[in-house]
Amino acid sequence: VQLQASGGGLAQPGGSLRLSCAASGSISSNNVMGWYRQAPGKQREMVASIGSGYSTNYADSVKGRFTISRDSSARNTVILQLNSLKAEDTAVYYCNLRFWDMGYWGKGTLVTVSS
């Protein structure tokens, strides 16, 4: 199983970014995909997740600002739309895939929010 993340970069406060993560390999159709982030000096935290039934879960800090979705043409590709970005959203963002009690991580992608 491989996870290929893309997106990220630099945005100004109030701006937007889009992260994408494509999973490939032998993957159960019953899975959960999500994004975590780790800021300097802090522990990794869950940002958002989406189940195979499209149920979603968000950290309180990003509710109403971030949206996670699955690509309609590629169910094992998830998109994280980051809107109304704040400086505290600066972190390395990691894609995660879970199924059959196994977890997989993609390489991190840096999101920097700064004026």
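Scroll up for the structure.
Residues numbered from 1 in each chain as written. Predicted model: local features only at pLDDT ≥ 70, side-chain atom pairs only at ≥ 80, totals over all residues. Heavy atoms only, no water.

Caption draft 1: Spotlight on the nonpolar core. Among the nonpolar cores identified, the biggest contains 30 residues, and M33, W35, V47, F66, L80, L82 and Y93 are the most heavily contacted of them. Listing elements by their share of this core, those giving two or more residues are β1 (2–7), β3 (17–24), β4 (32–38), β5 (45–51), β7 (66–71), β8 (74–82), β9 (91–99) and β11 (109–113). The element best represented in this core is β9, accounting for five residues. (Core = buried A, V, L, I, M, F, W, Y, C linked by side-chain atoms within 4.5 Å. Buried < 20%, exposed > 50% of the residue type's maximum accessible area, 1.4 Å probe, protein only. Helix = DSSP H or I, 4+ residues; strand = E, 2+ residues; numbered from the N terminus.)

Caption draft 2: Expanded view of the environment of L3. By the element assignment, L3 lies in strand β1. Not counting residues within four places of it along the chain, the set of residues in contact with L3 comprises C21, A22, A23, M33, C95, N96, L97, Y104, W105 and G106. (Contact = heavy atoms within 4.5 Å.)

Caption draft 3: Representation of the packing of aromatic side chains within the structure. Summed over all chains, the structure comprises four aromatic pairs. Measuring from ring centre to ring centre gives 5.0 Å for Y36 and W105, while their planes differ by 70°; the resulting arrangement is edge-to-face. With Y36 in strand β4 and W105 in strand β10 (residues 102–105), this residue pair connects regions lying 69 residues apart in the sequence. Measuring from ring centre to ring centre gives 5.7 Å for F99 and Y104, while their planes differ by 25°; the resulting arrangement is stacked. Of the residues examined, F99 reaches a relative accessible area of 4% and is grouped as buried. The structure contains a cluster of three or more aromatic residues connected by ring pairs, namely Y36, Y94 and W105. (Phe/Tyr/Trp six-rings, centres within 6.5 Å; stacked < 30°, edge-to-face > 60°.)

Caption draft 4: The sheet that holds β1, seen in detail. On the basis of which strands lie adjacent, the open sheet formed by four strands has the order β1-β3-β8-β7 and antiparallel pairing. Only two strands of the sheet have a single neighbouring strand rather than two, namely β1 and β7. Each adjacent strand pair in this sheet contributes to an overall mean axis angle of 20°, direction not counted. Here six bridges tie β1 to β3, and the two strands are oriented antiparallel to one another. Residue Q4 lies in a different strand from β3, and its bridge partner there is A22. (Pairing = 2+ DSSP bridges. Axes fitted to C-alpha atoms, helices over the stretch in contact; angles between N-to-C directions.)

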